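Geometric and topological summary
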Amino acid sequence: LIIQRMRTGILLVDAGGRVIRANESAWYLLGMQSPKERRLDKLAPALHARWKSWLLSNRSDPAPLALAQGVPASVPSFTRIGTDDHLLTIVFLEDD
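Everything in this summary refers to the structure shown in the same document. (Residues numbered from 1 in each chain as written. Predicted model: local features only at pLDDT ≥ 70, side-chain atom pairs only at ≥ 80, totals over all residues. Heavy atoms only, no water.)

What follows is about the side chain of Thr-8. Secondary-structure assignment places Thr-8 in the loop between helix H1 (2–5) and strand E1 (9–14). One polar contact links Thr-8 to Glu-94, side chain to side chain, over a distance of 3.4 Å. Those residues in contact with Thr-8 that sit more than four places away from it in its chain are Asn-23, Ser-25, Phe-92, Leu-93 and Glu-94. (Helix = DSSP H or I, 4+ residues; strand = E, 2+ residues; numbered from the N terminus. Polar contact = N/O pair within 3.5 Å; in protein donor to acceptor, adjacent residues only side chain to side chain. Contact = heavy atoms within 4.5 Å.)

As structure tokens, then:
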């Protein structure tokens, strides 16, 4: 409940780029798209590209991203969790 109600958007993304979980703030920042869509490349192509770049370089780009029209820009940051067999990424979407 705490994570669901946080102002920071939080996504849990698997190694294939599928969103496993998202809190209310993340859903809002992604433009309140259908909850059935789970592919990050379809939900937010710019965020997907930033995530893929981070996976390769382990460096975050601090530039804000506008993920949908009419919502505030956010600064994404990424954290790896899990094991090599089941690698996940937590994506934090902070207000610009």
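That was the structure; now back to the text.
Taken together, Trp-27, Tyr-28 and Met-32 make up a surface patch of nonpolar side chains, about 310 Å² in accessible area. Mapped onto the fold, Trp-27 is located in helix H2 (residues 24–29). Owing to a relative accessible area of 40%, Trp-27 belongs among the partly exposed residues under this scheme. (Patch = residues over 30% accessible without salt bridge, like charges linked within 9 Å, V, L, I, M, F, W, Y side chains within 5 Å. Areas by Shrake-Rupley, 256 points an atom, 1.4 Å probe, with all protein chains shown as cover. Salt bridge = Lys/Arg side-chain N within 4 Å of Asp/Glu carboxyl O. Buried < 20%, exposed > 50% of the residue type's maximum accessible area, 1.4 Å probe, protein only.)

Counting across every chain of the model gives two salt bridges. Note that Asp-41 is salt-bridged to Arg-39, the shortest N-O span being 2.7 Å. For Arg-39, a relative accessible area of 43% puts it in the partly exposed group. As a salt-bridge pair, Asp-61 and Arg-50 come within 3.8 Å of each other at their nearest N and O atoms. One end of the pair, Asp-61, is in the loop between helix H4 (45–57) and strand E3 (74–83); the other, Arg-50, is in helix H4, with eleven residues separating them in the sequence.

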